[in-house]
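# Residue-level structural notes
The lines below spell out each chain.
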Amino acid sequence: MPPARPEDAAAILQALISPAGRLDPFPLYAAAHRIGPVLTVTDSVFLVVGYAAVNQVLRNPGFGLPDTTPSRSAPAVDRTAGAALRMMERSILRANPPNHGRMRSLISQVFTPRRVAALQPSVEAAVDTLLDRLAEPAADDGMVDFMDQFAFQLPVTVICELLGIPARDRHKFRPLASALTAALELAGDADGPADAAARDLGRYFTPLISERRTAPGDDLVSALVAARDADDGRLSDEELLANLILLLVAGFETTTDLLGNGLAILLDRPDLATALRPGSATTAGFIEEVLRYESPVQVTTRVALIDGLTAEDVPVPDGSDVILVLGAANRDPGRYHRPDCFDATRSDIKPLSFGAGPHICIGNSLARLEASVAFPRLLSRFPDLSADPGRQPTRRDRLVLRGYQTLPVRVRP
Ligand code: HEM
């Protein structure tokens, strides 16, 4: 394979962050795959699209997050970064060893598989309550925005119950999370709304932490506060706050997009909707294929922390920025037969949608649980569910987080 011409790689990256690329990145991913698994954009910027290459970089501890410790002479992260990025940098999402392992072990201790599995009945109850609301005769002539009325409501309810956040506060979080995560976009504007959202979320959690310190409950905020106060030095106050905000935002934003992306596919494919009624064995395969085909997180990034690294066979110098396109890896023709076709019967699918390696998504089983409860119940309750003929869906204007802003549906004929 001839080496990629830098101008091709740079043109693809530019196109990806353009409005048209954000709306439909998939033809650009296909063009990138024709060049190779690792594209050299400049001497110190690489675009990684191959499945094996993305998987390998994610698992290699030599690739990490921009180091903000004072000991590193040339910090890769702008220290003037706004409140949103500064806050995220204190969370596990943006931490390197040893801080990452220290925080991750503590969060895993309270966010256990047992706690997640025990949530099944409350996820079922939350789904049924939301479906009851959709069915209310008052819901204007059966037309509803699925994103607003269901896809956002379910994950925010579940994560807030887990964290112990009162029901009355939940409506605030969709705009705040959306503003905050804009800072993760490749051409992100870290100022303005993202920073304001970070400050608002900080102002929300600070009194909640004090409240749970005085009167602990059976919730994750109380559990993490207790772990913090055990005074074993494992979590600072700032880290506690950053990780609680991360758990809240990561806990619903991406799952909202999984539910919306999945429903949009079902509205186009009534044959699949029939196959997904409760009791069918195809739900898990369908969800994995939605995760692959329309990955809610399309992109993540790393920095080369040491010399001598390679991605596939391409040398990646120390300090380089590495853009890992999970959504492209999930459509790698070398890994998947007919990658641009949705096929819920694929075997050995293993999409990289939750990442891989040390930062693999802590909430992946919760997201899968919510989707696997939601889709069959939704389709059984509303067998005639269809797209609203009068209103087009609108996409979020994002590359990194792929989903719908609105998805108008008709729940009754
Ligand atoms: C469909 C839903 C979801 C998707 C697609 C998703 C995707 C991801 C991805 C790709 C990463 C790794 C990022 C990287 O390596 O740079 C990640 C990390 C993370 N996710 Fe999720 N996620 C989802 C749901 C959730 C849920 C429900 C929660 C919490 C309850 C959650 C909490 C986290 C946390 C805390 C991390 C950071 C882990 C670490 O850095 O060690 N996610 N997620």
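Relevant structure appears above.
Here is a short report on the structure shown in this document.

Procedures and definitions
- Residues numbered from 1 in each chain as written.
- Predicted model: local features only at pLDDT ≥ 70, side-chain atom pairs only at ≥ 80, totals over all residues.
- Heavy atoms only, no water.
- Helix = DSSP H or I, 4+ residues; strand = E, 2+ residues; numbered from the N terminus.
- Rg over C-alpha atoms; globule rule 2.2 N^0.38 Å.
- Buried < 20%, exposed > 50% of the residue type's maximum accessible area, 1.4 Å probe, protein only.
- Areas by Shrake-Rupley, 256 points an atom, 1.4 Å probe, with all protein chains shown as cover.
- Lys, Arg positive; Asp, Glu negative; His and termini not counted.
- Charge placed at Lys NZ, Arg CZ, Asp CG, Glu CD.
- 1 Å grid on protein atoms, 1.4 Å probe; cavity = no way out; pocket = protein on both sides within 12 Å on 5 of 7 lines; lining within 4 Å.
- Points joined across faces, edges and corners; volume = space filled by probe spheres on them.
- Nonpolar A, V, L, I, M, F, W, Y, C, P; charged D, E, K, R; others polar.
- Salt bridge = Lys/Arg side-chain N within 4 Å of Asp/Glu carboxyl O.
- Near = heavy atom within 4 Å.
- Polar contact = N/O pair within 3.5 Å; in protein donor to acceptor, adjacent residues only side chain to side chain.

### Things to note about the overall build of the protein
- Secondary structure summary: the protein contains 18 helices and twelve strands in total.
- Its C-alpha radius of gyration of 21 Å places the protein within 12% of the 22 Å reference for a compact globule of 413 residues.
- Structurally, the protein occupies a C-alpha span of about 65 × 55 × 35 Å along its principal axes.
- Taking all 413 residues of the protein together, 54% fall into the buried category.
- Looking at the protein as shown, the accessible area adds up to about 17700 Å², and 55% of this sits on carbon and sulfur atoms.
- Positive and negative side-chain charges in the protein, numbering 43 and 51 respectively, have mean positions lying 2 Å apart.

### Considering empty space enclosed by the protein
- For the structure shown, the criterion picks out one cavity of 30 Å³ or more.
- Approximately 40 Å³ is the volume attributed to the largest cavity.
- Top element by residues in the lining of the largest cavity is helix H8 (residues 120–135). It accounts for three residues.
- Looking at the lining of the largest cavity, its residues break down into two nonpolar, two polar and one charged.

### Considering the pattern of salt bridges
- A full pass over the atoms with the stated rule returns 26 salt bridges.
- With a closest N to O distance of 2.8 Å, arginine 368 and glutamate 288 form a salt bridge. With arginine 368 in helix H18 (residues 364–381) and glutamate 288 in helix H16 (residues 283–293), this residue pair connects regions lying 80 residues apart in the sequence.
- Accessibility expressed as a relative area gives 16% for glutamate 288, which makes it buried.
- Notably, a salt bridge pairs aspartate 348 with arginine 335, separated by 3.9 Å at the nearest N-O pair. Taken together, the positions of aspartate 348 in the loop between helix H17 (326–329) and H18 and arginine 335 in the loop between H17 and H18 put the pair 13 residues apart, joining distant regions of the chain.
- Judged by its relative accessible area of 25%, arginine 335 falls in the partly exposed class.
- Each member of the salt-bridge network shares a partner with another, and the members are Arg168, Asp169 and Lys172.

### Regarding unusual backbone geometry
- Between proline 97 and proline 98 the backbone carries a cis peptide bond, its omega angle lying at 0°.
- Along the polypeptide, proline 98 turns up in the loop between helix H5 (83–89) and helix H6 (99–110).
- One non-glycine residue with positive phi stands out, namely arginine 338, at about 45°.
- According to the relative accessible area criterion, arginine 338 is exposed, its value standing at 52%.
- Although it is not a glycine, aspartate 348 sits at a positive phi angle of roughly 50°.

### Here's the deal with the site of the ligand
- Around the ligand sit 27 residues in total, of which His100, Arg104, Thr300, His359 and Cys361 are the nearest.
- Here an oxygen atom of the ligand and a side-chain polar atom of threonine 300 are 2.7 Å apart.
- With respect to the ligand, the side chain of arginine 302 contributes an N or O atom lying 2.8 Å from an oxygen atom.
- Among the secondary structure elements, those contributing two or more residues to the shell around the ligand are H6, helix H14 (237–268), strand E5 (299–304) and H18.
- Among the elements that line the shell around the ligand, the one with the most residues is H14, at six residues.

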